[in-house]
Amino acid sequence: MHRIKGMTVLITGASAGIGEACAQTFASYGAHLVLTARRLDRLEKLKRDIEFEHDVSVEIRALDVRIREEVDLFARELEESGVEIDVLVNNAGLSRGLEPVHEGNPQGWDEMIDTNVKGLLYVTRAILPGMVRRNRGHVVNIGSIAGRQVYPSGNVYNASKFAVRALTEGLNLDLLGTNIRVSSIDPGLVETEFSEVRFWGDAERAEKVYQGYRPLQAEDIADAVCYVVSAPDHVNVLEMLILPTDQRNAFLVHKEPK
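About the criteria used
Residues numbered from 1 in each chain as written. Predicted model: local features only at pLDDT ≥ 70, side-chain atom pairs only at ≥ 80, totals over all residues. Heavy atoms only, no water. Axes fitted to C-alpha atoms, helices over the stretch in contact; angles between N-to-C directions. Helix = DSSP H or I, 4+ residues; strand = E, 2+ residues; numbered from the N terminus. Parallel < 35°, antiparallel > 145°, perpendicular 65-115°, else oblique. Left-handed = near helix turned anticlockwise from the far one by under 90°. Contact = heavy atoms within 4.5 Å. Buried < 20%, exposed > 50% of the residue type's maximum accessible area, 1.4 Å probe, protein only. Pairing = 2+ DSSP bridges.

Visitor: Would you take a moment to explain the packing of helix H4 (residues 106-134) against helix H5 (residues 155-174) for this structure?
Guide: To characterise two packed helices, one gives the angle between the axes of the helices and the distance between these axes. Look at H4 against H5: their axes get within 8 Å of each other, and the N-to-C directions meet at 15°. As far as their axial angle goes, H5 and H4 are roughly parallel. Considering only the axes of H4 and H5, their crossing is right-handed. Touching Trp109, Met112, Ile113, Asn116, Val117, Leu120, Leu121, Thr124 and Leu128 of H4 are Val156, Tyr157, Ser160, Lys161, Ala163, Val164, Leu167 and Leu171, all from H5.

Visitor: Explain the environment of Leu10 here, please?
Guide: Among the secondary structure elements, Leu10 is positioned in strand E1 (residues 8-11). Since its relative accessible area comes to 1%, Leu10 is described here as buried. Linking Leu10 and Asp86, residues 76 residues apart in sequence, is a C-alpha distance of 8.0 Å.

Visitor: Mind showing me how you'd approach the environment of Pro187 here?
Guide: Relative to the elements of secondary structure, Pro187 occurs in strand E6 (residues 180-187). Assessed through its relative accessible area of 5%, Pro187 is described here as buried. In the structure, Pro187 is positioned 40 residues away from Gly147 in sequence and 9.8 Å away in space, judged by C-alpha atoms. Every residue in contact with Pro187, bar those within four places of it in the chain, is listed here: Ile18, Gly143, Ser144, Ile145, Ile221 and Ile242.

Visitor: Mind showing me how you'd approach the sheet that holds strand E7 (residues 239-242) here?
Guide: Within a beta sheet, neighbouring strands are joined by backbone hydrogen bonds and run either parallel or antiparallel to one another. Ordered by their spatial adjacency, 7 strands build an open sheet running E3-E2-E1-E4-E5-E6-E7, and the pairing between neighbours is parallel. In the strand order of this sheet, the two ends are held by strand E3 (58-62) and E7, each with one partner. Between one strand axis and the next, the sheet turns through 15° on average, direction left out of account. Pairing of strand E5 (residues 137-142) with E6, which is carried by 6 bridges, proceeds in the parallel orientation. Each bridged residue has a counterpart across the sheet, and for Val139 the counterpart in E6 is Val182. On top of the sheet, H5 reaches E5, E6 and E7; it is set at about 160° to E6, its chief contact. Contacting strand E4 (87-90), E5, E6 and E7, helix H8 (residues 218-230) runs over the sheet at an angle of about 160° to E6.

Function-wise, these values are silent; they only describe arrangement.
Right, dumping it as structure tokens:
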């Protein structure tokens with residue numbers, strides 16, 4: 001992982017879960033960080049913790065990736081301050097609800113599409129031109145097994161993650177002839193705040209999602225992100241599907257009885 005040392009890594013949705021784990025893991029390998037999320041208080045604590053433990057710089061910014069004007073302003077400020085992003089980790093994302101379409105909540109649909117698809121596009125559009133000018137960089141999108149297999153009542157979340165997979169493949173083609181790499185890390189069940197957000201803050205219901213088997217942890221996905229970034233420059237890991245051993249596809253999970 002020595003190739004990561006000295007890189008500058010931008011991570012969206014860095015205040016918890018996979019984003020936070022990516023920040024900690026990249027810092028442990030000597031990367032400098034630019035961390036964004038909506039919850040600035042969490043970013044401030046994360047910054048203090050990382051700078052105490054590691055000899056790296058950490059810049060933080062409250063940012064809602066759904067608001068294009070905010071994203072564009074943020075990117076301009078980075079450029080004006082001379083910050084060059086070597087790795088972009090498009091991690092910000094969420095799921096809302098688990099109902100059939102005819103019973104779904106349009107507010108939740110908007111949140112998923114605006115964050116998972118449009119937010120990813122806004123950040124990539126703002127950061128990627130600098131990579132193209134420098135002819136170096138790496139875009140890592142956090143996808144999902146939900147972008148490979150549709151599961152019952154996944155509908156709009158599935159659609160948003162299928163879009164992420166298509167955008168990853170399209171971006172990879174668009175960058176032919178450059179030295180910029182593109183990767184998608186597609187996890188199965190990971191124990192984070194994901195289910196609590198999906199169920200609108202119902203912690204009891206969310207906890208049941210991870211009972212009876214050993215799910216992935218956020219650190220497992222962070223390790224995978226760092227692995228693809230640390231590969232030699234001539235190696236591009238375009239896709240990586242990661243499942244817990246107890247999960248074999250999007251909806252087949254072995255759970256021990258209570």
